[in-house]
Amino acid sequence: MAANPPLVMGYSGLLTPAPFAGEQFVLGRDGVQIALDNVVTRTKKWSAEGYLFISHVRMVFVAPKADSSGLQSFDFPLAYVNGEKFNQPIFGCNNLQFTCLSVATPGAANVV
């Protein structure tokens, strides 16, 4: 997991992740809520609403603007994601829960 990956302005004025060489984004969704634990902020937590982009290499969450801690986006390499759990509650929204190892600190797990 990496905080604030490079972003570029998309066709519609939307901030999108800068693609790696040969990377293809296959899905983008608006209105996604994210809640992270064990991140480098004052409270060790971060939550926001924004866009989720999925490629064949990674998932990238992008908030419309940075918050007071300076966080605006997170990059989740699919190779570091494990313990995935897709929840479909009777009442409420479907959600995905997983653990992602930190790219900056190898071995440190973050729960999303």
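Just so you know, these numbers come straight off a predicted model, no measurement behind them.

(A) Highlighting the packing of aromatic side chains. Overall, the coordinates contain six aromatic pairs when judged by the stated rule. Ring centres of Phe-74 and Phe-76 lie 6.3 Å apart, and the angle between their planes is 20°; this geometry places the pair in the stacked category. What makes Phe-74 buried here is its relative accessible area of 4%. A residue is classified by how much of its surface remains accessible, and Phe-76, at 2% relative accessible area, is buried. Between Phe-76 and Phe-98, the aromatic rings sit 5.5 Å apart at their centres with planes inclined by 85°, giving edge-to-face as the arrangement. Here Phe-98 lies in strand 9 (residues 95-101) and Phe-76 lies in strand 7 (residues 73-77), a separation of 22 residues in the sequence. Taking relative accessible area as the criterion, Phe-98 reaches 5% and is therefore assigned buried. Of the aromatic side chains, those joined through ring pairs into one cluster are Trp-46, Phe-61, Phe-74, Phe-76 and Phe-98. Above the ring of Phe-20, the side-chain terminus of Arg-58 is found at 4.1 Å from the ring centroid.

(B) How the structure looks around the environment of Glu-84. Looking at where Glu-84 falls in the secondary structure, it is placed in strand 8 (residues 81-87). Residue classification places Glu-84 among the exposed positions, given a relative accessible area of 51%. Expressed as a C-alpha distance, the spacing of Glu-84 and Leu-27, which sit 57 residues apart in the sequence, is 19 Å. Dropping the residues within four chain positions of it, Glu-84 is found in contact with Leu-96, Gln-97 and Phe-98.

(C) Summary view of the pairing of strand 6 (residues 58-62). With five of five residues buried, strand 6 is to be regarded as a mostly interior element. Neither face of strand 6 is exposed, since Arg-58, Val-60 and Val-62 on one face and Met-59 and Phe-61 on the opposite face are all buried. Joining the antiparallel neighbours strand 5 (residues 45-55) and strand 6 is a turn of two residues. Pairing analysis gives five bridges linking strand 6 to strand 7, with the strands arranged antiparallel. Paired with Phe-61 across the two strands is Phe-74, which belongs to strand 7.

(D) Focus on the pattern of salt bridges. The tally for this structure, following the rule as stated, stands at three salt bridges. For Glu-23, the salt bridge goes to Arg-58, with nearest N and O atoms at 2.8 Å. Of this pair, Glu-23 sits in the loop between strand 3 (15-17) and strand 4 (25-37) while Arg-58 sits in strand 6, and the two are 35 residues apart along the sequence. Exposure class is identical for Glu-23 and Arg-58. Each is buried.

Definitions and cut-offs
- Residues numbered from 1 in each chain as written.
- Predicted model: local features only at pLDDT ≥ 70, side-chain atom pairs only at ≥ 80, totals over all residues.
- Heavy atoms only, no water.
- Phe/Tyr/Trp six-rings, centres within 6.5 Å; stacked < 30°, edge-to-face > 60°.
- Buried < 20%, exposed > 50% of the residue type's maximum accessible area, 1.4 Å probe, protein only.
- Helix = DSSP H or I, 4+ residues; strand = E, 2+ residues; numbered from the N terminus.
- Lys NZ or Arg CZ within 6 Å of the ring centre and 35° of its normal.
- Contact = heavy atoms within 4.5 Å.
- Pairing = 2+ DSSP bridges.
- Salt bridge = Lys/Arg side-chain N within 4 Å of Asp/Glu carboxyl O.

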